[in-house]
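Per-entry structural report
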Amino acid sequence: MKSLRFGVAMVLAASLSGYAHAETVKVGIIAPFSGPFAHYGKLFKDGAESYLATQGGKFGGHDIQIVYRDSGGPNPGGVKTAAQELIVNDKVDYLGGLVFTPNAMAVAPLVQQSKTPTVIFNAATSAITPKSDYFVRTSYTLWQDTVPLANWAHKKGLTKVVTAVMDYAPGVDAEKAFASAFAKVGGTVVESIRMPLNTNDFSPYAQRIKSSGAQGVFVFLPGGPPNLGFVNAYNQNGLREAGIEFLGTSETDEFDLQKFGDAALGLITAFHYSGAHDSDANRAFAAAMKKQAPDALLNYASVGAYDGMHIIQKMVEATGGKKDGAKAIAAIKGYAWESPRGPAKIDPNTRHITQNVYLRKVERGADGQLINKEIENFGPQGDHGLE
Amino acid sequence: MLQLSNILIDGVVYGMVLFVISVGLSVTMGLMRFINLAHGAFAMAGGYLAAWLIREQGFPFFAGLALAIAATMALAAVLEAFVFRRLYARTELQQVLFTIGFTFFFIASVNFLAGAYIQQIPLPAWLQGSITLGARTLPTQRVLVAAMGLGVVLLLWLLIVRTRFGIWLRASVDNSAMSSSLGINIRLVQCATFAFGAGLAALGGVLGAELMPLEPYYPLKYLVLMLVVVAVGGLGSVSGTLCAALLLGIVDTASKYLASGFGNFFFYAAMILLLALRPHGILRRR
C-alpha cells in the first residue's frame, strides 16, 4: 500500500511537471512472454509492431516506443507491479495488452489514478471496462459472440440444446450468456455440463450429450489440448453422425485450427474475427503481418493488438503527443473505422468495441489449409453482457 | 443399464490409457528405486519424435512408433550413462530436484525447437473411425490402446519373471554387491532398465496422445496423474499398476457421468482411500 501511494505520488508529480516536450510517445504492453501462454505475447507483438510498421513507426509525427513487460499467466499481483513500473519509471503514455481478466482488473485502479489510457487487446469479461474510465477494449466479450449464436440456433429450429463448458470463470460466463439468450427466444437448455479444467477424456461427456436427446451442443473451451480432445470425442462418439450441431465461439481459432485436421470440417462457430475475412483491410493486415514475421498468425489476439495500436494512434493524434488521458479517451469515444474484422466502432458508453459477429463454418481453403469461412453476418453487436 | 455399461466401457478404456502412460514410471521407480520425475519428458520425446517421423517424414504409423521408441531408448541410455547414473546413490530429494530440473530444461528446449503448438500424430485411416458395438460407438484408436496395454502387461511379465535379464534385474535391485560378485554386469542392467522404462514412456506418449495431446508442458501437466496411478498401484508392480489404472479410470468416468459437478473429487478421494487402506500398493497386503 505504501509503495502504491508512493507510486501515485510519483505519477502525480510526473504529470504536474508536464510532458510538453516529450518527442517520443511511449506505449507499455503487458502480455505473457514466458510460460504456457507465451504465444499470446508473440501474437500481440506481431500485431502491434506490424501496425506500427504500416505507419512508418510514427503516430501523428511522433516516434512510438513500445516497452514490453512479461505478465506470465493470470497474475494480478505481478501485473499490478509491472503496470506501476511502466507508469512511474518508464513514464509510458499508454498501456496495452492484457490477456487475462484478473490482470486487467488489477491494473484498473492504477490506470484510473494516473489517467493512463489503456487499450485491452484481449481480456474478455464484460465487467472490466466499467472498472476504469481509461479502459478501451479492442477484443470482444463472451456475451458479444454468444448471444447472436444462441439466437441463430433457435432460428435454425433447435429447441433443445446442451451446454458443455470448461469449469472456470469464462466458461461459466459463456454458459450463462448462452442459457439466458436461448431462454429469451424460447429455447430450452436440457442439461448444463461443466467439465473440470484438467479433463483428458471427453468421451463420457460426449455420451451424456448424445443420450440427452439434445439437437445441439454449445461448447466453451480454452485453446489447446481440451479443444482437440473435445472435438475428437464429438466426432468419434458419433455425435456428428447423430446430427447434434456443434455450436462454438473461439474453439476453431486459427491458432489451433490446422491441428484439428479433417476433424474440424463443418464445425459451426460464431465469432468476430476470421483470418479468412474477405476484405481489403484484412488483406492489408495479412500483408503487414507477413512482413513483420513469416510465421505471424492472423487471429483474434493479433487483430486485437493491431486494432489496439490503431486506437492508440488516434489518441496520440488527438492529443498532439502530450499525455492527456481525458482528452485521449474523449477522442476515441464513438470513433468508427474499418478494421480487418469488418466495420468497427468504440461504443461511447462502454468504451468496448462494437463489431460484426459472423457465423462461420470450417472449410478447406484454396491452398488446402483449414479456414473459418464466414457464411452469415449477424451485423453490429455491442457488449450484450452489460445490457 | 446402458448407463452402467457406458461407465464400464469408457472407464476401462480410459484406465488402459492411464496404464500405458504410467507403467514405464512404475518400472524405473519401482524396479530401480529411482525417483524419475523426468518420465513425462521421455514420454514427450517419444511423442514428438513419432509426430515428426510420421507427419513430416512420411513414415507409416507403426514404423514411426517403433522408430520413435527406439530413438527415445537410445537417448535415455546415453543420458543414463552420462548423467542419471550419478544420481542412483544420491538422496531421494536430490533425485527429485534433478529430474524436475531436467523436465524444465526439456520443456524449454521443446518450446524453442518446435513452438508452443500442439503436435498431432496422424493416425492411419483404419484407426481414425469408430467401431459400433450395439448402442455404443467407440473410437478405434482407443480400442487399439487397450489391446496394446494388455500386450505391455504380457511383455513385462515375461521379461521380469521368465527371462534371465529379469532375474539379473531383480537380483541387482535387491543386493547389488552380491549380484556384482556373482558376475552380473550391474551397470548394463541399470542402463538397459532405464532405457526400457523410457521406451515404455515413449509408447505411452504416442498412444495416449489422443487424450493427452503433446505440447511443451506435457511432462508437468500429466505428471500428477502418472504419479497417482503408480503410487496407488504400488511401486514396481505391473499388475498393481494395471489394477490401479483401471479402478481410477472407472471411478473418474463414473463421476463424469453421474456427478460432474464434483470435478475431480472422486478421483482423488479414491486415491486417498486406496492409499490409506493399502499404502504399499493395491495388490499388496502388508
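1. A closer look at the overall build of chain A
A tally of regular secondary structure across chain A gives 12 helices and 15 strands. A burial count over chain A gives 56% of its 387 residues as buried.

2. Side note on the overall build of chain B
Tallying secondary structure elements over chain B gives 13 helices and two strands in all. Seen through its principal axes, chain B has C-alpha atoms that stretch 60 × 50 × 35 Å. Contacts in chain B between residues at least 24 apart in sequence constitute 74% of all its contacts with a sequence separation of at least 6.

3. Looking at the interface of chain B and chain A
As a measure of interface size, the accessible area lost when the parts come together is often cited. The interface is formed by 23 residues belonging to chain B together with 27 residues belonging to chain A. Grouping the amino acids of the side of chain B that touches chain A by side-chain chemistry returns 10 nonpolar, nine polar and four charged.

4. A word on the environment of A74(B)
Tracing the chain through its elements places A74(B) in helix α3 (residues 61-82). Note: C-alpha distance between A74(B) and F196(B) (122 residues apart in sequence) is 9.6 Å.

5. Considering the environment of A77(B)
Residues and elements named next belong to chain B. In this fold, A77 is placed in helix α3. Among the residues examined, A77 registers 18 C-beta atoms within 10 Å and is labelled partly exposed. The contact partners of A77, leaving out residues within four places of it in the chain, are C191 and A195.

6. Points about helix α4 (residues 101-114) of chain A
All names here are of chain A. Helix length check: α4, at 14 residues, gives a terminal C-alpha distance of 20 Å against a target of 20 Å (1.5 Å per residue), a fit within 8%. Residue A108 marks the point of greatest curvature in α4, where the axis turns by about 35°; the proline P109 follows within four residues. Inspection of α4 places T101, N103, A104, A106, V107, A108, L110, V111 and S114 among the buried residues, and these make up the whole buried set.

7. Examining the domain arrangement of chain A
All names here are of chain A. The assigned domain composition of chain A is domain 1 (2-140 + 278-351) and domain 2 (143-271 + 357-386). Each of domain 1 and domain 2 was reduced to a C-alpha centroid, and the two centroids are 30 Å apart. Facing the 11 residues of domain 1 at the interface are 13 residues of domain 2. Residue composition of the side of domain 1 that touches domain 2, grouped by class: four nonpolar, six polar and one charged.

8. So, the pairing of strand β15 (residues 370-381) of chain A
Residues and elements named next belong to chain A. Bridge count between strand β14 (residues 353-364) and β15: nine bridges; the pairing is antiparallel. Following the sheet pairing, K361 is matched in β15 by K373. The hairpin formed by β14 and β15 contains five residues between the paired strands, and G368 there has a positive phi angle of roughly 85°.

9. Some thoughts on the environment of F59(A)
All names here are of chain A. With respect to the helices and strands, F59 occurs in strand β2 (residues 58-59). Judged by C-beta crowding, with 23 C-beta atoms within 10 Å, F59 ranks as buried. Spatially, the C-alpha atoms of F59 and M309 are 9.5 Å apart, while their sequence positions differ by 250 residues. Apart from residues lying up to four places away in sequence, F59 is in contact with V25, I64, I312, Q313, V316 and E317.

10. A few points about the sheet that holds strand β3 (residues 62-70) of chain A
Residues and elements named next belong to chain A. Pairing is mixed in the open sheet, where six strands are placed in the order β2-β3-β1-β4-β5-β6. Strand pairing shows two members of the sheet lacking a second neighbour, β2 and β6 (135-137), which therefore form its edges. Bridge count for strand β1 (residues 25-31) against β3 is seven bridges, and the pairing is parallel. Bridging from a neighbouring strand, I30 pairs with R69 of β3. Most of the contacts of helix α2 (residues 38-54) go to β1, to which it runs at about 155°, and overall it touches β1, β3 and β4 (94-97).

11. Notes on the nonpolar core
Counting residues in hydrophobic clusters, the biggest one holds 201 residues, and the most contacted among them are V217(A), V219(A), V20(B), A202(B), V229(B) and L248(B). The two domains that each donate at least three residues to this core are domain 1 (2-140 + 278-351) and domain 2 (143-271 + 357-386) of chain A. The residues touching A202(B), leaving out its near neighbours within four places in the chain, are F42(B), A43(B), A45(B), G46(B), A68(B), I69(B) and T72(B).

12. Let's talk about the pairing of strand β9 (residues 216-220) of chain A
Residues and elements named next belong to chain A. In terms of burial, β9 is largely enclosed, as five of its five residues are buried. Where strand β7 (residues 160-166) lies against β9, five bridges are found, and the strand directions are parallel. If you follow V162 over to β9, its bridge partner there is V217. In the sheet, β9 pairs with strand β10 (residues 245-248) via three bridges, with the strands oriented parallel.

13. So, the packing of helix α7 (residues 203-211) of chain A against helix α12 (residues 238-258) of chain B
With their axes 9 Å apart at the nearest point, α7(A) and α12(B) run at an angle of 30° to one another. With respect to α12(B), the axis of α7(A) lies roughly parallel. Between α7(A) and α12(B) lies a crossing of right-handed hand. Of the residues in α12(B), those in contact with P204(A), Y205(A) and R208(A) of α7(A) are T253(B), K256(B) and Y257(B).

14. Regarding the packing of helix α1 (residues 2-31) of chain B against helix α6 (residues 140-162) of chain B
All names here are of chain B. Look at α1 against α6: their axes get within 9 Å of each other, and the N-to-C directions meet at 50°. Taken together, α1 and α6 sit at an angle that is classed as oblique. Two packed elements cross with a definite hand, and for α1 against α6 that hand is left-handed. Together, V13, M16, V17, F19, V20 and V23 of α1 and R142, V145, A146, M148, G149 and V152 of α6 make up the contact between the two elements. Residue composition of the contact of α1 with α6, by class: 10 nonpolar, one polar and one charged.

What counts and how
Residues numbered from 1 in each chain as written. Chains lettered and ligands numbered in written order. Predicted model: local features only at pLDDT ≥ 70, side-chain atom pairs only at ≥ 80, totals over all residues. Helix = DSSP H or I, 4+ residues; strand = E, 2+ residues; numbered from the N terminus. Buried ≥ 20, exposed ≤ 12 C-beta atoms within 10 Å, placed from the backbone. Contact = placed C-beta atoms within 7 Å. Nonpolar A, V, L, I, M, F, W, Y, C, P; charged D, E, K, R; others polar. Expected span 1.5 Å × (residues − 1). Bend = angle between axes of the 7 residues up to and from the residue. Domains from an automatic or database assignment. Pairing = 2+ DSSP bridges. Axes fitted to C-alpha atoms, helices over the stretch in contact; angles between N-to-C directions. Core = buried A, V, L, I, M, F, W, Y, C linked by C-beta atoms within 7 Å. Parallel < 35°, antiparallel > 145°, perpendicular 65-115°, else oblique. Left-handed = near helix turned anticlockwise from the far one by under 90°.

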